[in-house]
Amino acid sequence: MFEKLKPNTISIIRYFLSITFLAQGIRALSRQPDFFRLVSESPIFDFSFTPGFFTPALFLTLVGIFDITIAILLFKGIALRTAAIHGFIWICIVITNSLVIGRILETVDSVGYLGGLLAIIIWNRQEMKQEEMK
């Protein structure tokens, strides 16, 4: 019974995650004040090995590009498992940063993405194994 639901469920999860990553990418590229403040508080900019040109504004540009790329890959189903793994790692980094700077609300907000990405990673792995067996 669940096997018939899996393709539709994966598609729904993919589309919702791609919309979320797209929205976050646009939010980063537009440098919304709350997002800019969150990034500016990150301890990464205080490390001695962080180059001087690596500013919160540049970081937000890179975040925007990365998020929009993940959104496109998820939406189109291109390299789905790889995109989900990269997204999962990225969200783990975001959660770690939010915890370090004491932003619990942002941490909780990000946890929801992990479940959807993990479902894609696991289910797509099963699909890949079934294709190899054929």
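Placed above this text is the structure.
I will try to describe carefully the structure that is included in this document. None of these values were measured; they are calculated from a predicted model.

1. A word on the side chain of Ser110
Stage number 1. With respect to the secondary-structure elements, Ser110 resides in helix H5 (residues 104-133).
Stage number 2. Assessed through its relative accessible area of 6%, Ser110 is described here as buried.
Stage number 3. Discounting residues that sit within four places of it in the chain, Ser110 has contacts with Ile91, Val94 and Ile95.

2. Here's the deal with the pattern of salt bridges
Stage number 1. As enumerated under the stated definition, the model contains 2 salt bridges in all.
Stage number 2. Arg27 is paired through a salt bridge with Asp34; the nearest N and O atoms lie 2.9 Å apart.
Stage number 3. Owing to a relative accessible area of 22%, Arg27 belongs among the partly exposed residues under this scheme.

3. As for the packing of helix H2 (residues 33-40) against helix H3 (residues 56-76)
A pair of packed helices is characterised by two quantities: the angle between their axes and the separation of those axes.
Stage number 1. Across the interface, H2 lies against H3 with an axial gap of 10 Å and an inter-helix angle of 110 degrees. Between H2 and H3, the interaxial angle falls into the category roughly perpendicular. Between H2 and H3 the crossing geometry is right-handed. Of H3, the residues touching H2 (which contributes Phe35, Phe36, Val39 and Ser40) are Pro56, Ala57, Phe59, Leu60 and Val63.
Stage number 2. Grouping the amino acids of the contact of H2 with H3 by side-chain chemistry returns 8 nonpolar, 1 polar and no charged.

What counts as what
Residues numbered from 1 in each chain as written. Predicted model: local features only at pLDDT ≥ 70, side-chain atom pairs only at ≥ 80, totals over all residues. Heavy atoms only, no water. Helix = DSSP H or I, 4+ residues; strand = E, 2+ residues; numbered from the N terminus. Buried < 20%, exposed > 50% of the residue type's maximum accessible area, 1.4 Å probe, protein only. Contact = heavy atoms within 4.5 Å. Salt bridge = Lys/Arg side-chain N within 4 Å of Asp/Glu carboxyl O. Axes fitted to C-alpha atoms, helices over the stretch in contact; angles between N-to-C directions. Parallel < 35°, antiparallel > 145°, perpendicular 65-115°, else oblique. Left-handed = near helix turned anticlockwise from the far one by under 90°. Nonpolar A, V, L, I, M, F, W, Y, C, P; charged D, E, K, R; others polar.

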